[in-house]
Each structure stands twice: as structure tokens, then as C-alpha cells.
Amino acid sequence: MNTTALSVAGPIRWKHSLAWLTFLAPLFFLSYGWTNHLAAARGVTSNIVFHWESVIPFLPWTIVPYWSIDLMYGLSFLACRTAREVNHHGLRLLSAQCISVVCFIAFPLRFTAQRPATDGLFGGLFDALTSFDLPYNQAPSLHISLLLVIWWVVLRHSTSGWRWVLHAWALLVAASVLTTWQHHFFDLPTGLLAGLLCLWLWPDHGKPPLTIARTSARPRFALWYLLGAVICLFLAMQGDWLMWAGWPAAALALVAANYAWFGADGFQKHEGKQSLAVRWLFAPYRLGAWINSRLWTRRQPAPSQIVDGIWLGRLPTSTELTQQGFDAIVDVTAEFDTPVAGIDHFSVPMLDLAMPSCAVLDQATDAITLANKAADRVLVCCALGYSRSALTVAAWLLRSGRCSDIITAIECIQTARPQIVISTAQRKLLEQCINER
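Fair warning: this is a prediction, and the values are worked out from it, not measured in the lab. The residue numbering used here restarts from 1 in each chain and proceeds along that chain's sequence as written. With pLDDT at 70 or above as the cut-off, local features in this predicted model cover only qualifying residues; side-chain atom pairs require 80 or more to be listed or tallied, and sums for whole chains, interfaces and linings still use all residues. Remark: hydrogens and water are excluded; side-chain values derive from all non-hydrogen atoms of the structure.

1. Comments concerning unusual backbone geometry
Generally, phi is negative for residues other than glycine and the peptide bonds are trans, each holding for most cases.
Turning to step 1, where the next piece is worked out: Cis geometry is adopted by the peptide bond preceding proline 140, which originates at alanine 139 and carries an omega value of 0°.
Turning to step 2, where the next piece is worked out: Within the fold, proline 140 resides in the loop between α4 (120-130) and α5 (142-155).
Turning to step 3, where the next piece is worked out: In this structure, asparagine 137 is a non-glycine residue whose phi angle is positive, near 50°.
Turning to step 4, where the next piece is worked out: Segments assigned H or I by DSSP are reported as helices when at least four residues long, segments assigned E as strands when at least two residues long, and all are numbered from the N terminus. Summarising the element assignment, asparagine 137 is placed in the loop between α4 and α5.
Turning to step 5, where the next piece is worked out: The buried category is assigned to asparagine 137, whose relative accessible area is 3%.
Turning to step 6, where the next piece is worked out: Phi angles above zero are rare outside glycine, and aspartate 240 is one such case at about 55°.
Turning to step 7, where the next piece is worked out: Mapped onto the fold, aspartate 240 is located in the loop between α8 (219-236) and α9 (246-262). In this scheme, a residue with accessible area under 20% of its type's maximum is buried, one over 50% is exposed, and one in between is partly exposed, where area comes from a 1.4 Å probe on protein chains only.

Have a look at this one:
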């Protein structure tokens, strides 16, 4: 994880940050307290508890890291150095609050164990907590959601030494929600999921998903992914360890949203690397897509040379890229990170099985041209090396004048890599792009 590259030097945005805190602080206490009392008035008794949670010890001293998130909440704004950072950090915290409040109302849960009596300093801190916190507001754990948001913004501006301190303290705070007997285990992964969703909604780079104009229209694929999400959600609702199926359910639902609306931008790939939120939220989908790519290409793992200096193939690992001796890579996947391996790398994200715009296709052909000028061996790749990358190479052959027409360009590629698939829709796209130039 390269957080150094994300850091931005600059002055602390005191007034801007204070304005956000003035808005967020009272909203937090008012909404959190209201949902607590609402659950108490409704007499909520529902809970989700694993039988092994009885071995979790009660550690009174962990009330200190538990309370520390209040201080971290306010100080985290000091890490923000641009107006965008301040706004997105504030919006993430606000989103976490809104998501949690909705869940607390729609699916109220109660903590089941009776906390032991505690005296002294730690007892006083527990008393202060009990004065406004009832045994409700369980899943998703707002503590965990806020912790993730705070951890990420501070991490991006921390030096390597302080990062270890931050990691250690964040783990201690996360563990404290269990050892203070405030939450059951189920609340932690759901809180983490909510926090990642907030990071995805307000990314470090690019447009927030909710502000993206519709860039994709593949309703059939969206429906298939949505169906997969529903099936996984049904499995998760069966309880016990099947609840982990909620993770692929969330991943497939977001992929469906990308195919229905957000397009490749929904994968938040910037300079060849996806955002932290995407790497974790979409992890089940990305793993499945990676396995699928290897199964489809197991009989032809090696790339194919199309013309001098240009090769076409599947997305390699960094090790494969080095072993194959390429000097540059042009990656048109949206769902994977681009392997770098110390060479020139270009990334133009495209959705699998979806039509890119002519502007995106032009960006990809420009990338091949730049790579070809600077390197002797250039790999153009997608997940399989059969469709998106083949379309891109065909467009480049036409644009560079190496082929005079679409049929010749496709035949040139098929001669070297017979498995490629250039659909009728893709041929029409090539014609459209030629006519627009």
C-alpha cells in the first residue's frame, strides 16, 4: 500500500475543519442517543451471538482505547491538507453515521452479556459511557466504521515510524469494542463493511460514485451480478458462519451497480492502482475473476506477438511480467491492479464485456503509441487477452496506419492469437471511432 504517494503537503485547514466538527459532533450525539432510546422504547431483544464469544475476556483498562476514538475523531481533521480532503473526510464520517443510524432503526440488536461492576478510574469511564450509551446500536459497529475512516486519513500523512504506532493503536481500539463488552463479534465485520463503503463513496481520487453520470448500460450483466448478490445474501441470512456470504453479496451488488450505472469509474483505478475500498469491498469478485481468467487461459498462458514490439495477452503477475522480458505494459482491465515490476505502465480501465467510448479507446491507443516509442517489448493486456485488449490493439493498428481496414486488423490479430473475440458490436464501435476522427 503506497500511502506516501497519496500524501499532500500543505497547511492545516483550521476553519474548514472546525466547521465540519461543529456540524458533526452534535449530530453524532443526538442521532446516536435517539436510536438508543428508540430501541429501548421498542423493547428490542434480538441479538446475533456466536457461541465462542463467551471466552472473550472483560478487560476494564481497554475502556481507555475505546474512549480514545473521540479524541481521534476531532484530531483526524488535522491530517487533511486540501479542501477536498476535509470535505471527503467529513462526508465519510457523516455517511458512516447515516448508514449506522438507518441500520440501528431497521435492524435493532441488543448486547446480551451483563458487564461486571468496575471501580476506580476505569469504572468512572464506564459510568460516563453508560450515561448515554445503552446496550443497543450494535450492527454495524459505528466505532469500527469511524475508526477505519480515521485510520485511513491519518495513515496517508504519517511517516513510516508513526504508521506502526497508528496500526497498533487502531487494532487496540478495534479489539476494545469486544473486551469492554460493548459489541458482539458480528458488529465488527459489518462495521468494517460500512466504513469501506464510506471510503468508496468519497474516494481519494476521481469522482464520487454518486456524482458519476451514467457511463455504462449493460443491464443483462447487471442483473446477473445482482442475482448472485441476492443468492449470497440469502445464504448469509441462514446465520452462523454462512453470514460471511454477506461479503460477496456486497461485492456482487457493487459490481452490478458498475454495470448498471457507474461503469469502469466504479472500480476507482487511479494510475494502475485501485482504491483501498475497492480492493477490500470487491475482493470476493476480484478473486473469482482472477481464477476465471486463469482457467480460461490455462492452455495459452503466454502472450502473442501481433507486430514488431507489440504483444497481446492476459494480465500477468509482476513475476511473469519480469520473466517475459517486457519493457512496458498497457493494461485495460478495470477490475485488477496493474502489475508494475519497475517498467513503464499505462492503465486505461474498461469494463469487461462492455463497450468503451471512442474517447476511452483513443486513450488506450495513445498509451500503446507512447509505450511503443519508449520500449522495445510492449504487452497490451486484459483479464484474458481475448477481447478488451484485442479491441484496443485493433484500434491501434488502424489508427497507426499499420492496417488499412477493420477486417485486415482483426485478421492480423487472429493470425497470432486465434482465441480472440471481436463481436459485431465491437466492429461497429471501431467503425464509429474511425468516422469520428
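2. Some words on the side chain of serine 293
Turning to step 1, where the next piece is worked out: With respect to the helices and strands, the residue serine 293 is situated in helix α11 (residues 283-296).
Turning to step 2, where the next piece is worked out: Leave out the neighbours within four places in its chain, and serine 293 touches Ala383 and Leu384. Any pair of residues with heavy atoms lying within 4.5 Å of one another is described as a contacting pair.

3. Details of the packing of α9 against α11
For any two helices packed against each other, one specifies the inter-axial angle together with the distance between the axes.
Turning to step 1, where the next piece is worked out: An axis is simply a line fitted to the C-alpha atoms; with a helix, the fit covers only the stretch in contact. Between two such axes, the angle follows the N-to-C directions and lies from 0 to 180 degrees. Where α9 meets α11, the axes come as close as 7 Å, and the angle between the chain directions of the two elements is 80°. Between α9 and α11, the interaxial angle falls into the category roughly perpendicular. Between α9 and α11, the contacting residues are Trp247, Pro248, Ala251, Leu252 and Val255 on the first element and Ala283, Pro284 and Tyr285 on the second.
Turning to step 2, where the next piece is worked out: Polar here means any residue other than Ala, Val, Leu, Ile, Met, Phe, Trp, Tyr, Cys and Pro, which are nonpolar, and Asp, Glu, Lys and Arg, which are charged; Gly is therefore polar. For the contact of α9 with α11, the residue count by class is eight nonpolar, no polar and no charged. An angle below 35 degrees is treated as roughly parallel, one above 145 as roughly antiparallel, one from 65 to 115 as roughly perpendicular, and anything else as oblique.

4. Concerning the pattern of salt bridges
Turning to step 1, where the next piece is worked out: When a carboxyl oxygen of Asp or Glu is within 4 Å of a side-chain nitrogen of Lys or Arg, the pair counts as a salt bridge. Considering all chains together, one arrives at 10 salt bridges under this definition.
Turning to step 2, where the next piece is worked out: Linking glutamate 85 and arginine 156 is a salt bridge whose minimum nitrogen-to-oxygen distance equals 2.5 Å. Taken together, the residues glutamate 85 in helix α3 (residues 83-106) and arginine 156 in the loop between α5 and α6 (160-179) connect sequence positions 71 residues apart. For the pair formed by glutamate 85 and arginine 156, the shared burial category is buried.
Turning to step 3, where the next piece is worked out: The residue arginine 92 makes a salt bridge to aspartate 204 at a minimum N-O spacing of 3.0 Å. Taken as a pair, arginine 92 in helix α3 and aspartate 204 in the loop between α7 (187-201) and α8 lie far apart in primary sequence, 112 residues in all.
Turning to step 4, where the next piece is worked out: Salt bridges sharing common partners tie together Glu85, Arg92, Arg156 and Asp204.

5. Comments concerning a nonpolar patch on the surface
Turning to step 1, where the next piece is worked out: A cluster of nonpolar side chains, contributed by Trp224, Leu227, Ile231, Phe234, Leu235 and Leu242, occupies part of the molecular surface with about 620 Å² of accessible area.
Turning to step 2, where the next piece is worked out: Looking at the element boundaries, tryptophan 224 is found in helix α8.
Turning to step 3, where the next piece is worked out: Accessibility expressed as a relative area gives 58% for tryptophan 224, which makes it exposed. Exposure above 30% relative accessible area and no salt bridge define the residues that can form patches, which grow by joining like charges within 9 Å and nonpolar side chains of Val, Leu, Ile, Met, Phe, Trp and Tyr within 5 Å. Only the protein chains shown count as covering a residue, and every accessible area follows the Shrake-Rupley method with a 1.4 Å probe.

6. What about helix α14 (residues 388-399)?
Turning to step 1, where the next piece is worked out: A helix is expected to reach a length of 1.5 Å times the quantity of its residues less one. With 12 residues, α14 extends 17 Å between its outermost C-alpha atoms, agreeing within 8% with the 16 Å of an ideal straight helix rising 1.5 Å per residue.
Turning to step 2, where the next piece is worked out: Buried residues dominate α14, accounting for 11 of its 12 residues.
Turning to step 3, where the next piece is worked out: Buried residues of α14: Arg388, Ser389, Ala390, Leu391, Thr392, Val393, Ala394, Ala395, Trp396, Leu397 and Leu398, and no others.
Turning to step 4, where the next piece is worked out: Phi turns positive one or two residues past the end of α14, at glycine 401, with a value near 85°.

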